[in-house]
Amino acid sequence: MGFGLMFVGTFFFWSLKIGNFDVLPDFIGYMFLIYGMNCATKYCKNFKASRTAACVGAVLSAGVFIMQAAELLGANFTGTQLEYYLSAANHAVRIVFIMMFLMAIFSLAKET
């Protein structure tokens, strides 16, 4: 049903950093979640909205990951407006995603 993939995907939201680099990039977690929600959508249509939020989150978190990787190569994004707005948008979308995801799980639990 996809819940195993969604469970694995949530582990990538934990922040395991070495220096300023996140070893568990969020966009990989989003990919697991998106694939798991594709499977779960067959059983509960409420996962469609959270899947859309996960797609937006995957793009934003990939941008954050690229900035972190670029900083390892010598670029300096620390304190820039790009870093601020991208990180703020990423966190805001993550909050919306988690709320939608939990509502979909609650809806599925209520149906069964």
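## Some remarks on the overall build of the protein chain
- On a plain count of helices and strands, the protein chain comes out with four helices and two strands.
- In sequence order, the secondary structure elements of the protein chain are arranged as α-β-β-α-α-α.
- The principal-axis extent of the C-alpha atoms belonging to the protein chain is close to 50 × 25 × 15 Å.
- Evaluated residue by residue, the protein chain yields a buried proportion of 35% over its 112 residues.
- Long-range pairs, those at least 24 residues apart, make up 67% of the contacts in the protein chain between residues at least 6 apart in sequence.
- Here the protein chain holds 7 positive side-chain charges and 5 negative ones, and the gap between their average locations is 17 Å.

## Re the nonpolar core
- Formed by 16 residues in total, the largest nonpolar core has its most connected members in Met 6, Leu 33, Met 37, Phe 47, Phe 97 and Phe 101.
- Contributing elements (two or more residues each) for this core: helix H2 (26–40), helix H3 (47–72) and helix H4 (81–111).
- Sort the elements by how many residues they give to this core and H2 lands first, with five residues.
- Beyond its immediate sequence surroundings of up to four residues, Phe 97 is in contact with Phe 13, Tyr 30, Leu 33, Met 37, Ser 50, Ala 53 and Ala 54.
- By size, the runner-up hydrophobic cluster in this structure holds five residues, among which are Leu 60, Val 64, Leu 86 and Val 93.

## Looking at the packing of H3 against H4
- It is the contact of H3 with H4, at a shortest axis distance of 8 Å, that shows an interaxial angle of 155 degrees. Judged by the angle between their axes, H3 and H4 are roughly antiparallel. The handedness of the crossing between H3 and H4 is left-handed.
- When the residues that make up the contact of H3 with H4 are grouped by side-chain class, the tally is 18 nonpolar, six polar and one charged.

## Thoughts on the packing of aromatic side chains
- One pass over the structure, following the stated rule, counts eleven aromatic pairs.
- The structure contains a cluster of three or more aromatic residues connected by ring pairs, namely Phe 3, Phe 13, Tyr 30, Phe 47, Phe 97 and Phe 101.
- The ring of Phe 13 carries Arg 94 above its face, with NZ or CZ at 5.0 Å from the centroid.

## Structural notes on the pattern of salt bridges
- On inspection of all chains with the given rule, the structure shows one salt bridge.
- Here Asp 26 ties to Arg 94 by a salt bridge, and the two come within 2.1 Å at their closest N and O atoms. Here the residue Asp 26 occupies a position in helix H2, and Arg 94 occupies one in helix H4, the gap between them amounting to 68 residues. Residue Asp 26 shares its accessibility class with Arg 94, and that shared class is buried.

## Quick word on the environment of Val 96
- Mapped onto the secondary structure, Val 96 falls in helix H4.
- Separated by 46 residues in the primary sequence, Val 96 and Ser 50 have C-alpha atoms spaced 8.4 Å apart.

Cut-off values and rules
- Note on numbering: residues in each chain are counted from 1, in written sequence order.
- For this predicted model, a pLDDT threshold of at least 70 governs which residues receive local features, and a threshold of 80 or more governs which side-chain atom pairs are given and counted, while totals over whole chains, interfaces and linings are taken from all residues.
- Here the side-chain values reflect all heavy atoms present in the structure, with hydrogen atoms and water set aside.
- We count a stretch as a helix when DSSP gives it H or I for four or more residues in a row; a strand needs E for two or more, and each element gets its number in order from the N terminus.
- Accessibility here uses a 1.4 Å probe with only protein chains present; expressed as a share of the type maximum, an area under 20% marks a residue as buried, one over 50% as exposed, and anything in between as partly exposed.
- What makes two residues a contact is simply this: any of their non-hydrogen atoms within 4.5 Å.
- Only four residue types enter the charge count: Lys and Arg as positive, Asp and Glu as negative, with His and the chain ends excluded.
- Every charge is mapped onto a representative atom, which is NZ of Lys, CZ of Arg, CG of Asp or CD of Glu.
- Nine residue types can take part in a nonpolar core, namely buried Ala, Val, Leu, Ile, Met, Phe, Trp, Tyr and Cys, and a core is a set of them joined through side-chain atoms within 4.5 Å.
- A fitted line through C-alpha atoms represents every axis, and for helices the fit uses only the stretch in contact; the resulting angles, taken between N-to-C directions, go from 0 to 180 degrees.
- Note that the term roughly parallel is reserved for angles under 35 degrees, roughly antiparallel for angles over 145, roughly perpendicular for angles of 65 to 115, and oblique for everything else.
- Crossings are assigned a handedness: left-handed for a near helix turned anticlockwise from the far helix by less than a right angle, right-handed for a clockwise turn.
- We call Asp, Glu, Lys and Arg charged. Ala, Val, Leu, Ile, Met, Phe, Trp, Tyr, Cys and Pro are nonpolar, and the rest, Gly among them, are polar.
- Paired rings are identified among Phe, Tyr and Trp, the last through its six-membered ring, by centres lying within 6.5 Å, and are further divided according to the angle between planes into stacked (under 30 degrees), edge-to-face (over 60) and tilted (the rest).
- Lysine NZ or arginine CZ positioned within 6 Å of the ring centre and within 35 degrees of the ring normal marks a charge as sitting over the ring.
- The term salt bridge refers to a side-chain nitrogen of Lys or Arg lying within 4 Å of a carboxyl oxygen of Asp or Glu.

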